[in-house]
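Here's the letter readout for the chains.
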Amino acid sequence: MTELIFEKSQDGAGGINLTDEKIDFSFLNQKYLSDNKDSILPEISELEVMRHYKELSDKNFCIEKGFYPLGSCTMKYNPKVNEVLALLEGFANVHPHQNDEDVQGALKLMYNLQESLKVVTGMDAITLQPAAGAHGELCGMMIVKKYFETAGQKRTNVIIPDSAHGTNPASAAMCGFNIVEIKSNEKGLVDLEALKSALDENTAAIMLTNPNTLGLFEEEILEISRLVHEKGALLYYDGANMNAIMGYTNPRLMGFDIVHLNLHKTFSTPHGGGGPGAGPVGVIDKLKDFLPSPVIKYDGSRYFRDYSSKYSIGKMKAFYGNFSVLVKAYAYILLMGSELKTASANAVLNANYMMHRLKEFYNLPYDRKCMHEFVLSGEKQKEQGANTLAIAKRLMDSNFHPPTVYFPLIVHEAIMIEPTESETKARLDDFIDTMIEIAKEIEANPQEVLKHPLNTPVRKVDETLAARKPDLAFRK
Ligand SMILES: *Cc1c(COP(=O)(O)O)cnc(C)c1O
């Protein structure tokens, strides 16, 4: 167990400070200065600081360390050139309060990214402000709400399938909508009859993910779109699974009115412990005045921030979103160009290859051609004595990040695998072989499998306690 940096502290230890100058804090408002003389800061040499953080980073699992098939999260490779570009001085040191004239390059980049995302989604206007997918959903639901308020219509309900990501109902509920859940049919798709009976003049919107969280394409999407629009409601697209369809189709062609994207999934910017995200939202023409302001525009000679829309839902985030994430996503789009389509093709191919090999050993509740991910069930293994959680823990000892488990909720003992396009066949085979090995281990001796993980920095945690009562403070 690594000691905390506070525990490594030794009185008088420290690094070298090349300046003798005392820093003058008089420019700060005095009320923000702490007069607490007892605050404990660790005293530690430069080398020990380096070792401390290196040790911590070695404990972390990241895409550079191994295969990371976390379903729905699209843990693809983050090209390092993106980082180099985001660190360019003109991007890294730009200040949000600078005048438009001084930051034409940054505004141009944002404008061009908006334009690129319009092409990918088929939407008419984009905001880059939301900081993540869930934040984009909130933005989208706020637009839905304001749209109907402005039209003088009172619509209270948002319909969401039972396979949806938990953020969908959460975002709609935060805007005051009632959630109407509809069941999926035996194919794992939206049940049209259930949809018809849920739809009425109180329906504001339906939130859909396509391909859905089972990795299956909603084949009846055009009929769904027709039914929803017939009732005057809006169709919201959760774009977290955009990596499956880039260049093949887009939410506009499917009839969606509002879309969020996760730049940190589809467009290769780091996520999780790797940094902040971005959840741009696209809308069709009739909704564009509701977008958060400012929208970045171009008048033929200069780029500018436009605050003029009087219907705007306001601001979703301070300033303009996570700018460095936008730089990285734009770099990725330029790097890939029309090869974005190839990325989707390979993501789908990889998932189907893995599904095909693994379904002999694990239950596959929805045995159809999948898109970029698929969902197995560990039910058979659970009956033999080691459940999905045990499989996930066992995988960690073979240097694999576990797949997403116990989601979507409609599959018992769910194991949701998303390989992405950035893996080699050898890497996929290595994971598949390990999964097959684990299935055999469980058949032979489930008790052995339950002992894992043996080699991780922390073995088994009380997951409820860890989530509900994290202890983050150092007390002497
Ligand atoms: C990841 C994800 C979200 C939420 O996105 P965040 O960027 O994590 O906030 C929503 N829906 C689906 C299907 C997702 O996979």
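Structural data are supplied above this passage.
Residues numbered from 1 in each chain as written. Predicted model: local features only at pLDDT ≥ 70, side-chain atom pairs only at ≥ 80, totals over all residues. Heavy atoms only, no water.

Participant: Explain the site of the ligand to me, and be specific about the residues and the numbers.
Facilitator: Taken together, the neighbourhood of the ligand is formed by Ser-72, Ala-132, Gly-133, Ala-134, Glu-137, His-165, Thr-167, Asp-238, Ala-240, Asn-262, His-264 and Lys-265. A distance of 2.8 Å separates an oxygen atom of the ligand from a polar atom in the backbone of Gly-133. One nitrogen or oxygen atom from the side chain of Asn-262 is found 3.0 Å from an oxygen atom belonging to the ligand. Within the complex, the protein chains bury 87% of what would otherwise be the 380 Å² of accessible surface of the ligand. Secondary-structure elements contributing two or more residues to the shell around the ligand are helix H5 (133-150) and helix H10 (263-266). Element by element, the count of residues in the shell around the ligand is highest for H5, at 3 residues. (Near = heavy atom within 4 Å. Polar contact = N/O pair within 3.5 Å; in protein donor to acceptor, adjacent residues only side chain to side chain. Areas by Shrake-Rupley, 256 points an atom, 1.4 Å probe, with all protein chains shown as cover. Helix = DSSP H or I, 4+ residues; strand = E, 2+ residues; numbered from the N terminus.)

Participant: Which residues make up the sheet that holds strand E12 (residues 414-417), and what are the values?
Facilitator: Taken together, the 3 strands give an open sheet; going across it, the order is E10-E12-E11, and neighbouring strands pair in antiparallel fashion. The sheet is open, and its two borders are formed by strand E10 (374-377) and strand E11 (404-405), each paired with just one other strand. Where E11 meets E12, 2 bridges bridge the pair, whose relative direction is antiparallel. Within the sheet, the bridge partner assigned to Val-405 lies in E12 and is Ile-415. Lying on the sheet, helix H12 (residues 340-358) is in contact with E10 and E12; it crosses E10 at an angle near 20 degrees. (Pairing = 2+ DSSP bridges. Contact = heavy atoms within 4.5 Å. Axes fitted to C-alpha atoms, helices over the stretch in contact; angles between N-to-C directions.)

Participant: So what's going on with the pattern of salt bridges? Which residues, and what values?
Facilitator: The full count for this structure, using the stated rule, is 26 salt bridges. Ionic pairing is found between Asp-429 and Arg-357, a salt bridge with its closest N-O pair at 2.8 Å. Linking Asp-429 in helix H15 (residues 425-444) with Arg-357 in helix H12, this pair joins segments that are 72 residues apart in sequence. As a salt-bridge pair, Glu-448 and Lys-451 come within 2.7 Å of each other at their nearest N and O atoms. (Salt bridge = Lys/Arg side-chain N within 4 Å of Asp/Glu carboxyl O.)

Participant: Requested: an account of the sheet that holds strand E7 (residues 281-283), with residues and values cited.
Facilitator: Strand order in this open sheet of 7 strands is E1-E7-E6-E5-E4-E2-E3, and the pairing throughout is mixed. The two strands at the open ends of the sheet, each matched to only one other strand, are strand E1 (125-127) and strand E3 (178-182). When strand polarity is set aside, the average angle formed by the axes of neighbouring strands in this sheet is 20 degrees. Pairing analysis gives 5 bridges linking strand E4 (residues 203-209) to strand E5 (residues 234-238), with the strands arranged parallel. Bridging from a neighbouring strand, Ala-205 pairs with Leu-234 of E5. Against the sheet, helix H4 (residues 104-121) touches E1 and strand E6 (258-260), its axis set at about 120 degrees to E1. Across the sheet, helix H8 (residues 221-230) lies against E4 and E5, angled at about 140 degrees from E5, the strand it touches most.

Participant: Please give an account of the packing of H5 against helix H6 (residues 167-174) that cites residues and values.
Facilitator: Relative to each other, H5 and H6 sit at 40 degrees, their axes nearing to 9 Å. When the axes of H5 and H6 are compared, the pair comes out oblique. Pair H5 / H6 crosses with right-handed handedness. Contacts from Ala-134, Glu-137, Leu-138 and Met-141 of H5 reach H6 at Thr-167, Asn-168, Ser-171, Ala-172 and Met-174. Of the residues in the contact of H5 with H6, the class split is 5 nonpolar, 3 polar and 1 charged. (Parallel < 35°, antiparallel > 145°, perpendicular 65-115°, else oblique. Left-handed = near helix turned anticlockwise from the far one by under 90°. Nonpolar A, V, L, I, M, F, W, Y, C, P; charged D, E, K, R; others polar.)

Participant: Kindly report on the environment of Gln-384, identifying the contributing residues and their values.
Facilitator: With respect to the helices and strands, the residue Gln-384 is situated in helix H13 (residues 379-384). Separated by 60 residues in sequence, Gln-384 and Ala-444 place their C-alpha atoms 9.0 Å apart. The residues contacting Gln-384, other than those within four sequence positions of it, are Ala-439, Ile-442, Glu-443 and Pro-446.

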